[in-house]
Amino acid sequence: MNILITGGNGFLGKNIAKLLLKKNHKVIILDNKIDQNFKYKKLLQIKDSINNINKLKKKITKIDAVLHFAALADLNQAINKPLETVETNILGTVNVLEFCKKNKIEKFLFASTVYTNGIHGGFYRCSKKACEDYIIEYSKKYKINYQILKFGSLYGPGSDDKNGLYKIIDYALKKGIVKYEGDRNSIREYIHVNDASHAVYQLLSNNKFYGKKINITGNQSIKIVDLLETIKELLGIKKPIKFSKSKSEGHYVRLPHNYIRDISLKFLINPYIDFSEGLNQLTEYVSQKCNETVSK
């Protein structure tokens, strides 16, 4: 297949792109940045905004599927940038849907979030929920074959300091203390980026999931306190864990879907990367990035 990935140089988008390329698909990435080190024979990178996506027809051949992963995805940024969040997430998504309509794209997969199941998440949740509603209405009117993928807390190699788990480990390595901004009673379902990518790959060709909302989260709930103790032990840190009040608004504590019920299927990933193994991978990756920074 010829597959267009918007935001394909982001954390999840790039991981999915690599998997698709290994499976011998042709991948076109539309992103506001180009990765000069990301080179494959069947890869085309285009630097542009999703709001200009309808100009792409002159640059690319037939597309079989669109994976729409471009977004203003940082919840904390979205809280302070409501207008930019609307322009990027909502208007950008409508432009991508128009592209799919005009070019008769067979498959459209949208990266949403578990935050749309509830009341938390601020403007980020609002924008993603609006996108879901637009997708459903476009499908009714224009017969767009869609999947809405609601991702949980992603982690793994390739992430950066915008990622929650990366930030915890990075701070611990640099400061010698495990610090957490937020409620000590928090619970998360972390999912390794490789597992999330394989889930997307499997769903792409699975017709029974089209027209559905699908939760892609970890297979087990992790208590933040237990996670922080594990990181302490892994890094050999003796100092007590430091908790502080979150500077951000809108993060959920135990459940992302309090008070609001939204019908979403849970996609079970099997086999999957054990969290302990994934945490070791991420620790090695962050440690390497720290060493690279020091050597510069």
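Residues numbered from 1 in each chain as written. Predicted model: local features only at pLDDT ≥ 70, side-chain atom pairs only at ≥ 80, totals over all residues. Heavy atoms only, no water.

1. Structural notes on the sheet that holds strand β11 (residues 212-216)
1) Next: What the 8 strands build is an open sheet, ordered β3-β2-β1-β4-β5-β6-β11-β14; its pairing is parallel. Bordering the open sheet on either side are β3 (43-47) and β14 (265-266), each of which pairs with just one other strand.
2) Next: In this fold helix α3 (residues 82-102) packs onto β1 (2-6), β4 (65-68) and β5 (107-113), with an angle of close to 175 degrees to the strand it touches most, β4.
3) Next: Across the sheet, helix α4 (residues 122-142) is in contact with β5, β6 (146-151) and β11; its angle to β5 comes to roughly 155 degrees. (Pairing = 2+ DSSP bridges. Helix = DSSP H or I, 4+ residues; strand = E, 2+ residues; numbered from the N terminus. Contact = heavy atoms within 4.5 Å. Axes fitted to C-alpha atoms, helices over the stretch in contact; angles between N-to-C directions.)

2. A word on the packing of aromatic side chains
1) Next: Tallying each qualifying case throughout the model produces 9 aromatic pairs.
2) Next: Between tyrosine 180 and phenylalanine 243 the ring centres are 6.4 Å apart and the planes differ by 80 degrees, which places this aromatic pair in the edge-to-face class. Of this pair, tyrosine 180 sits in strand β8 (residues 179-181) while phenylalanine 243 sits in strand β13 (residues 242-244), and the two are 63 residues apart along the sequence.
3) Next: Using a relative accessible area of 11% as the deciding quantity, one classes tyrosine 180 as buried.
4) Next: Taken together, Tyr155, Tyr190 and Phe275 form an aromatic cluster joined through their ring pairs.
5) Next: The ring centre of tyrosine 142 lies 4.6 Å from the NZ or CZ of lysine 101, which sits over that ring. (Phe/Tyr/Trp six-rings, centres within 6.5 Å; stacked < 30°, edge-to-face > 60°. Buried < 20%, exposed > 50% of the residue type's maximum accessible area, 1.4 Å probe, protein only. Lys NZ or Arg CZ within 6 Å of the ring centre and 35° of its normal.)

3. Looking at the environment of isoleucine 105
1) Next: Within the fold, isoleucine 105 resides in the loop between α3 and β5.
2) Next: The exposure class of isoleucine 105 is buried, given its relative accessible area of 8%.
3) Next: C-alpha of isoleucine 105 to C-alpha of leucine 75: the two residues are 30 residues apart in sequence and 30 Å apart in space.
4) Next: Residues in contact with isoleucine 105, not counting those within four places in the same chain, are Ile63, Asp64, Ala65, Val66, Phe99 and Cys100.

4. What to know about the packing of α3 against α4
1) Next: The geometry of α3 relative to α4 is characterised by a closest axis approach of 10 Å and an angle of 20 degrees between their N-to-C directions. Between α3 and α4, the angle is such that the two are roughly parallel. Like other packed secondary-structure pairs, α3 and α4 cross with a definite hand, here right-handed. Contacts between α3 and α4 pair Pro82, Thr85, Asn89, Ile90, Thr93, Val94, Leu97, Glu98 and Lys101 from the former with Phe123, Tyr124, Ser127, Ala130, Cys131, Tyr134, Ile135, Tyr138 and Tyr142 from the latter.
2) Next: Its residues assigned to classes, the contact of α3 with α4 shows 12 nonpolar, 4 polar and 2 charged. (Parallel < 35°, antiparallel > 145°, perpendicular 65-115°, else oblique. Left-handed = near helix turned anticlockwise from the far one by under 90°. Nonpolar A, V, L, I, M, F, W, Y, C, P; charged D, E, K, R; others polar.)

5. Some details on the environment of aspartate 226
1) Next: Mapped onto the elements of the fold, aspartate 226 is located in helix α7 (residues 224-235).
2) Next: Look at aspartate 226 and you get partly exposed, because its relative accessible area is 44%.
3) Next: As a C-alpha pair, aspartate 226 and isoleucine 187 span 39 residues in sequence and 9.7 Å in three-dimensional space.

6. Quick notes on unusual backbone geometry
1) Next: Non-glycine residue asparagine 24 carries a positive phi angle of around 75 degrees.
2) Next: With respect to the helices and strands, the residue asparagine 24 is situated in the loop between α1 (11-22) and β2 (26-31).
3) Next: The phi dihedral of lysine 104 falls on the positive side, at around 50 degrees, and the residue is not glycine.
4) Next: With respect to the secondary-structure elements, lysine 104 resides in the loop between α3 and β5.
5) Next: Note on lysine 104: relative accessible area 69%, which makes it exposed.

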